[in-house]
Amino acid sequence: MPQTTVARLSTLALLAATTLAPVAAQTVLKIGYTPVRDSHYGVGANVFCDEIAKGTANRYSCQHFPNSALGGEREQIEAVQLGTQDLTNVSTGALGNFVPEVKVVDIPFLFRDYDHARKVLDGAIGQDLLKKMQAKGLIGLAWGENGFRHMTNNKRAINQAGDAAGLKMRTMENKVHMAGYKTFGILPTPMAFPELFTALQQGTVDGQENPIPVILSAKFSQVQKHLSLTGHVYSPAVILITPKVWTQLSDADKKVFTSAAVAAAAAQRKRVNDDEANGIAQLKKDGMQVVEKPDGESFRKAVAPAYAEFAKEFGADRIAAIQAVK
Ligand code: EAX
C-alpha cells in the first residue's frame, strides 16, 4: 500500500475512534458544607471527591460549595432530601429534626473521648443510625467528625458551670443540646451557622460553642475573647447523598462512594486531631484567653438530672449501650 493511503486510512481510523467511541457520561455532583474549604470539612470533602473520581474513572466528580454557600446545615439537609443538592458534609446539629433516632448522639457528656465516640459510630450502633436515615429520604454514607464542642464568649472566663449561667449563647438548632445547656444556666439561642459570625460581632449573643477546628477556621478569635475547653458535647459529622443520585448508581459505584466516604471520614478525623493539637496555641496567639481545664465535674453534675428526660426520650438501655462501648 502506498504510504499516503496508509496515512489516510489511519487518519480515518482515528476519526472513527474519536467520534464513535462511547463517551462516558460525566456527572458533576454538588457538595456543600458550612465551614470554609480549608477546614476539617473541606479536607473530608476533598478526599471523598478525589476517591469517587478515581474509583469511577472520572465519571463522577464534585463541585465544592464551602462556607455556607448553599445555606445552613438544615437547609442543606433539606435540599439533599429533595434532590436539589447532591451531597452535604454536615454535623448532627440539625439532623435530628429529620431523623429523630440520631438525636441520642447529641446528649452532653455521653462520650468519654474521641476514641469512644469513633468506636460507637463505626460500630453497630452508628451503622444502624446510618441505615435509619434511608427511611427519611437521606443516604448516610459514613460518620465523619466535627469534634468535641467548647464554649467561647465575650463576657468572662468559664471555669465551672456557674460561670456559664446567664450567658446568651448561640446553639445549633438542636433540642437535645438546648435542653442540656439550660441545665448549665445558659440562655440558648438557636441560630443557623451562616448568621453566627455577625451575631457574635454585633453582640446579639454573648457566645457560642463549637469544636476547635470550627473556632479556628471561622476565625471566631476575631470576635470572641474567652475560650473554655469544656468538651461538653461531641459533634459527629456525616456525608449525606441524595437518594436521587444514589438510586441511579450501579452496585460497583455504590461501593466506590461508600469507601470514599470512609476514607473522607478518616481524613476529617485526622484534621480534627491536628487542629486539637495545634489550634489552641494558635487561638492564644490570636488573643483568646483560654481556660484549658475547666471543672468538668460541675457541668456533669448540672446536666445529670436531664438524663432522666433523655432516658424517657431515647430509652435508658440505648444510652447505656452507648456508654458501655469500650
Ligand atoms: O458543622 O453550626 C455549627 O455550629 C456546626 O458546628 C458547624 O456548622 C459545622
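Just so it is clear, the model here is predicted, and its values are computed rather than measured.

**Student:** Any chance you could explain the side chain of Asn210 here in plain terms?
**Tutor:** Note on placement: Asn210 falls in strand β7 (residues 207-210). A polar contact of 2.9 Å, which involves the side chain of Asn210, links it to the side chain of Gln208.

**Student:** Even after reading the chapter, I still don't get the pattern of salt bridges, so can you show me in this structure?
**Tutor:** Across all of its chains, the model carries 15 salt bridges by this definition. Where Arg59 meets Asp253, a salt bridge forms, and the shortest distance between an N and an O atom there is 2.9 Å. Taken together, the residues Arg59 in the loop between α2 (40-55) and β2 (60-65) and Asp253 in helix α11 (residues 251-285) connect sequence positions 194 residues apart. Judged by relative accessible area, which is 28%, Arg59 ranks as partly exposed. Its relative accessible area of 7% is what places Asp253 among the buried residues. When the shortest N-O distance is used, the salt bridge between Glu209 and Arg149 registers 2.8 Å. With Glu209 in strand β7 and Arg149 in strand β4 (residues 139-153), this pair connects stretches of sequence that are 60 residues apart. Comparing Glu209 with Arg149, the two get one shared label, buried. It is possible to trace a salt-bridge network through shared partners that takes in Asp38, Arg271 and Asp275.

**Student:** Looking at this structure, I do not really get α2. What am I missing?
**Tutor:** Given 3.6 residues per helical turn, the α-helix brings residues three or four places apart onto the same face. Taking 1.5 Å of rise per residue, 16 residues should cover 22 Å, and α2 covers 23 Å from first to last C-alpha, within 8% of that figure. Burial in α2 covers these residues: His40, Tyr41, Gly42, Gly44, Ala45, Phe48, Cys49, Ile52 and Ala53. The positive-phi residue at the C-terminal boundary of α2 is Ala57, with phi of around 50°.

Rules used in this analysis
- Residues numbered from 1 in each chain as written.
- Predicted model: local features only at pLDDT ≥ 70, side-chain atom pairs only at ≥ 80, totals over all residues.
- Heavy atoms only, no water.
- Helix = DSSP H or I, 4+ residues; strand = E, 2+ residues; numbered from the N terminus.
- Polar contact = N/O pair within 3.5 Å; in protein donor to acceptor, adjacent residues only side chain to side chain.
- Salt bridge = Lys/Arg side-chain N within 4 Å of Asp/Glu carboxyl O.
- Buried < 20%, exposed > 50% of the residue type's maximum accessible area, 1.4 Å probe, protein only.
- Expected span 1.5 Å × (residues − 1).

No statement about biological role is implied by the geometric values presented.
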